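Chain and residue survey
The lines below spell out each chain.
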Amino acid sequence: MAQSKIVFLDVDGTITDYENNVPQSAKDAIKAARANGHRVYMCTGRSKAENPPEIWEIGFDGMIGGNGCYVESEGEVVMHQLITAEQCCHIVDWLHGRGLEFYLESNNGLFASERFREAAGPIMRLYAKGKGASDEDAETSAHAFMDTLIYDGELYRDDLNKVSFILSTYQDHLDSVEEFPDLVARTWGGKGEHALFGDLGVKGLDKAHAIRVLVEHLGANMADTIAVGDAKVDIPMFACCGASVCMGSGGDEAKAAADWVTTDVDDDGMWNAFVHLGLI
C-alpha cells in the first residue's frame, strides 16, 4: 500500500453541506480512507461542542478546533490555547457596549448573549441562503443552529476558544481589529464587507500552525499531509500541507489556492477528492 497519509478536513461546506447534513458518500469516503490505514482529522473553526453526534459517529483520529487553538489526537489533548478570562471580560463588555449580539465558543458549550436568538434568526437564514440553501432549508438550518446554543450561561468565562458576533456593519469588524490588538479578528458568513459575523480568537494561531503541532506530535512528515476545505480560512492549511483540495462549492480564493478542485460538497465532492488523492 502507498505511504499512509494524514488528512485534515474542514467541516462546514466540506464534511457537511450548508444545511449541516453529511452526505453519505462523505461518510463512506472517510471510513474507507481510515480502513486503508490513513489518519483523518477534522480541522475546523468549530469548537468541540459544535459537532453533533452524527459527525463524531463517522469516526476520526481527532480534531483541530477553534481555527487552530485546540488539537486533539486519539483522545489526547495535544494543545489548547484559550482566550484569557481578562480578554473575555473585555470582549463581552465591548460587545454589550456596542449593542452587538454574540456567542462564546467553548469546548463546554456555545454560550449566547441575552438577545442573540432574536437577532441571529435572520442572519443565519441569510448565511444558509448565501450558500445556496432554499428558503425552507435555510429556515431549518437557522433553527438547528440556534437550538445548539446555551442562552442563560455565564458570559465571563475562562474556557473560550473564540467569540463570534453579529456585525451591524463592516465597521464593527474594523473597530474590533483596533480594540483587540492582542487577539486575531476575522469575519465569516460572506465575502469582504458582506460578511455577517466578526470573530475574535487567540493571536498567532491558525489551522496551519495547529497542523504542524499535530504532525510533530505524531512524528510524521508534512509531505504526507493533505488538506481539504472550501473557504478563505482554509488557505493557510492548503499552503502548509503536502497536497490540497478545494470543494467545488467553495470560494474563489480557496479554489485558486488549492492544488485541485473537486465537485460540490453535495455532489460526492469528498468521495471524488479521496479517489483523486488515492486514499480509497
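Above this text sits the structure in question.
Right, let's walk through the structure included here.

**Remarks on the sheet that holds strand S9 (residues 183–188)**
With antiparallel pairing, 5 strands are arranged side by side in an open sheet as S7-S6-S8-S10-S9. Unpaired on one side and paired on the other, strand S7 (109–112) and S9 mark the two borders of the sheet. Averaged over neighbouring strand pairs, the angle between their axes works out to 20 degrees when direction is ignored. Relative to strand S10 (residues 197–202), strand S8 (residues 160–166) is paired through 5 bridges, and the arrangement is antiparallel. Paired with Val163 across the strands is Leu200, a residue of S10. In the packing of helix H4 (residues 116–130) onto the sheet, the strands contacted are strand S6 (102–106), S7, S8, S9 and S10, and the crossing angle to S8 comes to about 85 degrees.

**Description of the pairing of strand S12 (residues 243–246)**
Along any regular strand, the residues point their side chains to alternate faces of the sheet. Bridge count between strand S11 (residues 225–229) and S12: 4 bridges; the pairing is parallel. By the bridge assignment, Ala227 is partnered in S12 with Ser244. On the question of chirality, the crossover connecting S11 to the parallel S12 by way of helix H8 (residues 235–240) is right-handed. Strand direction decides the pairing type here: S12 and strand S13 (residues 260–261), joined by 2 bridges, are parallel. Paired with Cys246 across the strands is Val261, a residue of S13.

**Description of helix H10 (residues 269–276)**
Restricting attention to buried positions, one finds in H10 the residues Gly269, Met270, Ala273 and Phe274. Buried residues of H10 fall within an arc of 130 degrees about the axis and therefore sit on the same side. On its buried face, H10 sits against strand S1 (6–9), helix H1 (24–35), S12 and S13. Phi for Gly278, located one or two positions after H10, is positive at around 75 degrees.

Rules used in this analysis
- Residues numbered from 1 in each chain as written.
- Predicted model: local features only at pLDDT ≥ 70, side-chain atom pairs only at ≥ 80, totals over all residues.
- Heavy atoms only, no water.
- Pairing = 2+ DSSP bridges.
- Helix = DSSP H or I, 4+ residues; strand = E, 2+ residues; numbered from the N terminus.
- Axes fitted to C-alpha atoms, helices over the stretch in contact; angles between N-to-C directions.
- Contact = heavy atoms within 4.5 Å.
- Right-handed = clockwise from strand over helix to strand, strands pointing away.
- Buried < 20%, exposed > 50% of the residue type's maximum accessible area, 1.4 Å probe, protein only.
- Arc of directions from axis to C-beta.

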